Structures are given as structure tokens and as C-alpha cells.
Amino acid sequence: MQIVDHKVVSFEYSLSNEAGEVLDSSEDGKPLLYLHGEENIVPGLELALEGKSVGDKLKVSLEAADAYGELDPAMIETVSADMFDGVDNVEVGMEFQAELPDGQGFQFVRITEVDGDNVTVDGNHPMAGMSLHFDVKITDIREATAEELEHGHVHNDDDCCGEKECCGEGNCSD
Ligand SMILES: [Zn+2]
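Rules and cut-offs
Residues numbered from 1 in each chain as written. Predicted model: local features only at pLDDT ≥ 70, side-chain atom pairs only at ≥ 80, totals over all residues. Heavy atoms only, no water. Pairing = 2+ DSSP bridges. Helix = DSSP H or I, 4+ residues; strand = E, 2+ residues; numbered from the N terminus. Axes fitted to C-alpha atoms, helices over the stretch in contact; angles between N-to-C directions. Contact = heavy atoms within 4.5 Å. Buried < 20%, exposed > 50% of the residue type's maximum accessible area, 1.4 Å probe, protein only.

Digging into the sheet that holds strand E8 (residues 118-122)
Alright, step 1. Ordered in space as E5-E8-E7-E6, the 4 strands form an open sheet in which the pairing is antiparallel. In the strand order of this sheet, the two ends are held by strand E5 (76-80) and strand E6 (95-99), each with one partner. The average undirected angle you get between the axes of adjacent strands in this sheet is 45°.
Alright, step 2. As paired elements, strand E7 (residues 106-115) and E8 share 5 bridges and run antiparallel to each other. The residue of E8 that forms the bridge with Glu113 is Thr120.

Thoughts on the environment of Ser131
Alright, step 1. Tracing the backbone shows Ser131 in the loop between E8 and strand E9 (132-143).
Alright, step 2. Separated by 114 residues in sequence, Ser131 and Asn17 place their C-alpha atoms 6.3 Å apart.
Alright, step 3. Excluding residues within four positions of it along the chain, Ser131 makes contact with Ser16, Asn17, Glu18, Leu62, Glu63 and Ala64.

Description of unusual backbone geometry
Alright, step 1. The phi torsion at His6 lies on the positive side, around 75°, for a residue other than glycine.
Alright, step 2. On the secondary structure map, His6 appears in the segment before strand E1 (7-17).
Alright, step 3. One non-glycine residue, Glu39, lies in the positive phi region at around 55°.
Alright, step 4. For Glu39, a relative accessible area of 69% gives the class exposed.

Right under this line is the structure:
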């Protein structure tokens, strides 16, 4: 079986940056699953996996634009520490859900700098702007279920897919 749209693919991976430092990897014996063709993973990696088979190993080098995107300076903002009223210790690395200025939903922001009363928050993906290298080994390919296709993502026995509609249908452990 080859990887084409609507297949569920399991793969082990190691992700490193330009300097060769490992940023992330699949846990031992626990591959990552995704639904091919639904943009569940970064676009450059999905493209590289197209047509591959179980047992295939590949090295994929991606420019930022094909991975988590370029860094968007407009998503970096310095705000007053007063904004964090009620937070005991405002520290670098903390993540918050911030309401978008137009009131159209929420976005995750990270604190990237604290300088007295000035707090810098960044809404970019932590790996935005980075060239990334993936070492991938494909361990399984199966057909997606009708429900997975409907939702556009994989349903895992031991892993909540994080979508409300899934949890409501008893697919999640919590
Ligand atoms: Zn779902």
C-alpha cells in the first residue's frame, strides 16, 4: 500500500534544526499517526511522504515556508505587564489564549521576553521561521474510517483527537 489521500499513516520521526539539534521526536515505539491529504502535518513533509510505502526511510529538509511558515513580525507585540493582572509570575515561556482584536476567536501566544513592565508576546508557531530536517521511517499505512474522513483527522484509541465532536461521540478516553 502506498501513501495517497485518505490513508492513515504511522511514522517514526526525529526533527532537528539547522544546527542539527534534535527538537522533537516520536517516543520509543509510539509513531505519529496522521490522515494523508488533510494538512494534518506540515505541507512539505506531507508532500515528501506522498507515494511512499511501509518501511521506507526518508530525510526531508524543509525551508520555513514549507514547514511552520515564516515568522510574522505582526504577531509579536509588546504589552504592559498590567495585562497579566492575576498571574503570579509572568515568565518567559508561559502560554496564554489571547482574544483576537476583532473578537473573532482566540489565539495562543507565548511570552518571549519580560523586561520590567514590558512583556513581549509572540503568536507565531514556536518553529516558525526555522528550516527543519525530518528523519522519517514509515511504520504503517491503513485505510481511514468513514468517521476519520468526515472529521479530517485520525482517531486514536489511546489519544483524544482534541475535537469536541469526537469527545462527544465517546472516541476519547477523557
Ligand atoms: Zn474527530
